[in-house]
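Residues per chain are reported as follows:
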Amino acid sequence: MTRSDGFPSDPHTCRYDWCSTEHGRTVHALDEDHRSAGYAVTVRVRNAAEHGEGRFEEWEVGLLRRSSDDETWFVVERPGDGSIALSRDAARALRRAIETDRYLREFSATGDSGE
């Protein structure tokens, strides 16, 4: 997903409108994986075991479907460091939890109830 430039997917070689992979431009196994261009976000994060204000980092979110996959994955990535790929069901479960749970919903909309 981490690419400086996205390339429009060639409808003759790729069936995914969101795919930015340059299929067939080189002979490499990763050229057949489908990746979206990614959406960059600046987030303030910290490890759950840490204390303090956290730190600002650039993350990317996007879609990934490897040539060996039977499904597309939602990827959250810290470029050059780490990533997590969520199945569609996992992404839906997280979204549903935020929308359904009163405290998660209020926190994401306005902040802690004590703020």
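No experiment lies behind these values; they were computed from the predicted model shown.

A. Representation of the pattern of salt bridges within the structure. In total, this model carries eight salt bridges according to the counting rule given. Of the charged contacts in the structure, one is a salt bridge between Arg-102 and Glu-106, with a shortest N-O distance of 3.1 Å. Highlighted residues: Arg-102 and Glu-106, both in helix H2 (residues 102–110), separated by four residues, approximately one helical turn. For Glu-106, a relative accessible area of 29% translates into the label partly exposed. Overlapping salt bridges, with partners in common, bring together Glu-50, Arg-55, Glu-57, Arg-78 and Asp-81 in one network.

B. Main features of the pairing of strand E4 (residues 73–78). Sheet topology note: the strand E3 (residues 55–65)/E4 ladder contains five bridges and is antiparallel. Following the sheet pairing, Gly-62 is matched in E4 by Val-75. Bridge count between E4 and strand E5 (residues 82–86): five bridges; the pairing is antiparallel. Each residue of the ladder has a partner; that of Val-75, found in E5, is Ala-85.

The rules we used
Residues numbered from 1 in each chain as written. Predicted model: local features only at pLDDT ≥ 70, side-chain atom pairs only at ≥ 80, totals over all residues. Heavy atoms only, no water. Salt bridge = Lys/Arg side-chain N within 4 Å of Asp/Glu carboxyl O. Helix = DSSP H or I, 4+ residues; strand = E, 2+ residues; numbered from the N terminus. Buried < 20%, exposed > 50% of the residue type's maximum accessible area, 1.4 Å probe, protein only. Pairing = 2+ DSSP bridges.

No statement about biological role is implied by the geometric values presented.
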